[in-house]
Amino acid sequence: MYLTFSLSSVQEYHRQNIRVRLCIPGSEVPECYSYKNREGSSVKIRQPTHCCRGFTFCAVVSFGQSEERRSVNIECECHMIIKDGTQIDLSSYYYREYERMARSTVWKREHVFIWSVHCKCFFKEASFHFKPLGGATDVVVACGVHPLLK
């Protein structure tokens, strides 16, 4: 499985904030992600300080053998170090907008969850940790982050 579009290119073309929320069956972080961890739930970015317009996140979640119907939410905790050494902590969540549909979904196998957050920030280092909120058997097995740069 892989995606063939560039999220930052789409955003530049339309000159507006584009909100992305996608869930597809699969077990891999798409190739278009600049930073990824193919075997874990954390990613770290170290780069020269420059402006970022936001991030696109990806979490591959394994649901184990549970066949219960429930909604799904994934949290991404972000810790950014800015130019002066100050740490800023942020959280972003993937969530199902249609709760009625989410409650009727039986989650099996692995799924890839993709979402974006738009914020103007300058950072020189950032770490991201993904975790599912909702089920004891849910595990983030891979993750990715793609900064949306100017």
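Residues numbered from 1 in each chain as written. Predicted model: local features only at pLDDT ≥ 70, side-chain atom pairs only at ≥ 80, totals over all residues. Heavy atoms only, no water.

**Things to note about the packing of aromatic side chains**
Tallied over the full model, the rule gives 10 aromatic pairs. Pairing F55 with F57 gives two aromatic rings, centres 6.1 Å apart and planes at 20°, and the pair type is stacked. For the pair shown, F55 and F57 are each scored as buried. An angle of 50° between the planes, with centres 5.5 Å apart, marks the rings of F57 and W115 as tilted. A residue pair is termed long-range when its members are at least 10 positions apart, and F57 in strand β3 (residues 42-62) and W115 in strand β6 (residues 110-133) qualify at 58 residues. Overall, W115 belongs to the buried group, its relative accessible area being 2%. (Phe/Tyr/Trp six-rings, centres within 6.5 Å; stacked < 30°, edge-to-face > 60°. Buried < 20%, exposed > 50% of the residue type's maximum accessible area, 1.4 Å probe, protein only. Helix = DSSP H or I, 4+ residues; strand = E, 2+ residues; numbered from the N terminus.)

**Here we look at a nonpolar patch on the surface**
A surface patch of nonpolar side chains, amounting to about 260 Å² of accessible area, comprises Y93, Y95 and L133. Along the chain, Y95 falls in strand β5 (residues 87-95). Given a relative accessible area of 33%, Y95 falls into the partly exposed group. (Patch = residues over 30% accessible without salt bridge, like charges linked within 9 Å, V, L, I, M, F, W, Y side chains within 5 Å. Areas by Shrake-Rupley, 256 points an atom, 1.4 Å probe, with all protein chains shown as cover. Salt bridge = Lys/Arg side-chain N within 4 Å of Asp/Glu carboxyl O.)

**Describing the nonpolar core**
In terms of nonpolar packing, the biggest core is built from 24 residues, with F55, W115, F128 and F130 touching the most fellow members. Secondary structure elements with two or more residues in this core: β3, β4 (73-81), β6 and β7 (139-149). (Core = buried A, V, L, I, M, F, W, Y, C linked by side-chain atoms within 4.5 Å.)

Purely geometric numbers; function is a separate question.
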